[in-house]
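Okay, here's what each chain looks like letter by letter:
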Amino acid sequence: MRKLSQIAILSLIPLFAFSNESEVLSDTKQKIIELKQKQIEQKEQSNKYDWVSDVNLNASVYKDEDDTKTNDYYLSISQKIFDFGGISSQIDYSSQLKRMESLDLDISTKNDLYTLFSLLIDVKINDISLEQNLLYLKNSEIDIRNKQSEYKAGQLDISDLNDAIMTRNELSETQKEIDLSKLVNINSVKKYTSKNYKEINIPEVQLMDKDLYMQSATSINYAKLDIEVNGSLYKIKKSDYLPSLALTGKYGYENSSSSTSSINTGDYYNYGLELSMPLGFTASNDIEQTKLDHLISKQNLTDEIISSESIYDEAVLSIKSYEDRINLALKDIKLYDELLVENEQEYKAGYKTIDDVETLKNSKLIRALDIKTYKLDIQKQILNLYFKM
């Protein structure tokens, strides 16, 4: 048995993991997947033996000019045994179509899984946003308190105090909007799973290299199978208009009788070969149409390779952008740490208020939560690629 290459083995890893992840989908969705798989199997068997002719059971009763009544019961068949590759192409087509439809089912299932896990990540981001917004509200309350004191002391215009109050009101509205967004996301999760969203583990996946992604991308592999399917259909269509050789056979029982006598002819049979060739008026158009379908599918593959490459590159760029934001947030946190040390010392010395310290602490926590959000955004980008493999 041939050994699998390292790349081939690696390309199977997502498939093994995917089989477990699909269990998180609702029972209804899993049942639909199961039924569609059975449907694909049945369709393959039907297509595989589509070239096999049916055995016809016939019965006829007729009279001739001598008033002789004849009852004829017989089985007949005309089975094509050679047609310039049409039979072998039909068998190939059944196998290719099965693989293509199975892959299409995988793509559909993976899309559902990505949507589900993406929603779960969005719920986590909602939780972080709620936590951040509360910190912004705390800073806003501190700002209002300080400006209110300054206004009472005649050191601040009313418009500045009003702006601070409006900012707090906007943050309160934002809190409600985030709450609603979270509830909508949780409700959307229920479309894909019956499990409690808190109990579902989101896959931890590392970014795969570009070569592995391009080799395993389902859209590219689907386009390749589409070329094979259309190639077989082209061969089948050409053979439809070429000479074919069929084996014919007939076995029956005939009974004839008249008003004056009864003639029982008994069993009979015949067999032979039949050579035929259709002369279709639209033959060239039919063949050309399937040929064009085959050529279009080849161009679709080229287009899909470009598209998949672009999807991967865009994901990498997005990930790099989030990583840059993480680094910037880490620098801000370091700066906040330095400022906190200074402000805490000045607060103890009586030069700063506790509000200054609390504002810096809240701002530092907000940036730490930004990092969590960016990491979740990176996870979404990687999962998007993962479920396209």
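The structure we're discussing is the one just above.
Predicted model only: the values in this text are computed from it and were never measured.

## Side note on the overall build of the chain
Now for step 1: Along the backbone of the chain there are eight helices and four strands.
Now for step 2: The secondary structure elements of the chain, listed N-terminal to C-terminal, are α-α-β-β-α-α-α-α-β-β-α-α.
Now for step 3: Relative to the 2.2 N^0.38 estimate, which gives 21 Å for 389 residues, the radius of gyration of the chain is 37 Å and therefore markedly larger than a compact globule would have.
Now for step 4: Principal-axis analysis of the C-alpha atoms places the extent of the chain at approximately 135 × 50 × 45 Å.
Now for step 5: Each of the 389 residues in the chain was classed as buried or not, and the buried ones make up 35%.
Now for step 6: Counted over contacts in the chain with a minimum sequence separation of 6, partners at least 24 positions apart contribute 80%.
Now for step 7: Total accessible area on the chain is roughly 24,100 Å²; 52% of this is exposed by carbon and sulfur atoms.
Now for step 8: A distance of 4 Å separates the average location of the 47 positive side-chain charges in the chain from that of its 63 negative side-chain charges.

## Regarding the nonpolar core
Now for step 1: Formed by 50 residues in total, the largest nonpolar core has its most connected members in Leu116, Phe117, Leu120, Met208, Tyr213 and Leu383.
Now for step 2: Counting residues per element, the ones that place at least two in this core are helix H2 (27-48), helix H3 (86-152), helix H4 (158-189), helix H5 (210-216), helix H6 (218-240), helix H7 (283-348) and helix H8 (354-386).
Now for step 3: Here this core gets 11 residues from one element, more than from any other, and that element is H3.
Now for step 4: Residue contacts for leucine 120: discarding those within four places in its chain leaves Val189, Tyr197, Ile200 and Ile202.
Now for step 5: Membership of the second largest hydrophobic core comes to eight residues, among which are Tyr93, Leu97, Leu103 and Ile236.

## Structural notes on the environment of threonine 167
Now for step 1: Mapped onto the elements of the fold, threonine 167 is located in helix H4.
Now for step 2: Distance from threonine 167 to arginine 367, taken between C-alpha atoms, is 19 Å for residues 200 residues apart in sequence.

## Looking at the packing of aromatic side chains
Now for step 1: Evaluation of the coordinates by the stated rule reveals six aromatic pairs.
Now for step 2: Relative to tyrosine 312, the ring of tyrosine 213 has its centre 5.4 Å away and its plane inclined at 35°; by these criteria the two rings are tilted. Here tyrosine 312 lies in helix H7 and tyrosine 213 lies in helix H5, a separation of 99 residues in the sequence. Here the two residues tyrosine 213 and tyrosine 312 agree in accessibility, since each one is buried.
Now for step 3: Consider the rings of tyrosine 269 and tyrosine 271, whose centres lie 6.5 Å apart with planes at 0°: the pair is stacked.

## A closer look at the pattern of salt bridges
Two side chains with opposite charge may pair up if their charged atoms get near one another.
Now for step 1: Here the structure, examined in full by the defined rule, presents 20 salt bridges.
Now for step 2: One salt bridge in this structure joins lysine 98 and glutamate 44, with 3.8 Å as the shortest N-O distance. Placement of the pair is lysine 98 in helix H3 and glutamate 44 in helix H2, with a sequence separation of 54 residues.
Now for step 3: Assessed through its relative accessible area of 13%, glutamate 44 is described here as buried.
Now for step 4: Residues aspartate 313 and lysine 210 are paired through a salt bridge, measuring 3.0 Å at the closest nitrogen-oxygen approach. Of this pair, aspartate 313 sits in helix H7 while lysine 210 is found in helix H5, placing the two residues 103 residues apart along the sequence.
Now for step 5: With relative accessibility at 32%, the residue aspartate 313 sits in the partly exposed group.
Now for step 6: What makes lysine 210 partly exposed here is its relative accessible area of 25%.
Now for step 7: One salt-bridge network, held together by shared partners, links Lys31, Glu34 and Lys38.

Procedures and definitions
Once a new chain begins, its residue numbering starts again from 1 and follows that chain's sequence as written. Restriction of local features to residues with pLDDT of at least 70 applies here, the model being predicted, together with a cutoff of 80 or more for giving and counting side-chain atom pairs; totals for whole chains, interfaces and linings are based on all residues. Side-chain measures here rest on the full set of heavy atoms in the structure, leaving out hydrogens and waters. Numbering of helices and strands starts at the N terminus; helices are DSSP runs of H or I of at least 4 residues and strands are runs of E of at least 2. Atoms counted for the radius of gyration: C-alpha only. Globule rule: 2.2 Å times residue count to the power 0.38. Buried means the residue's accessible area, taken with a 1.4 Å probe over protein chains only, is under 20% of the maximum for its type, while exposed means over 50%, and partly exposed covers the values in between. Should any heavy atoms of two residues lie within 4.5 Å, those residues are counted as being in contact. The Shrake-Rupley method, run with a 1.4 Å probe sphere, supplies the accessible areas, and residue values consider only the shown protein chains as cover. Only four residue types enter the charge count, namely Lys and Arg as positive and Asp and Glu as negative; His and the chain termini do not. Every charge is mapped to an atom, namely NZ of Lys, CZ of Arg, CG of Asp or CD of Glu. In this text, buried Ala, Val, Leu, Ile, Met, Phe, Trp, Tyr and Cys residues form a nonpolar core when linked through side-chain atoms within 4.5 Å. Only the six-membered ring of Trp is used, alongside the rings of Phe and Tyr, when aromatic pairs are assigned; centres must lie within 6.5 Å, and planes under 30 degrees apart are stacked while those over 60 apart are edge-to-face, with the rest tilted. What makes a salt bridge here is a side-chain nitrogen of Lys or Arg within 4 Å of a carboxyl oxygen of Asp or Glu, nothing more.

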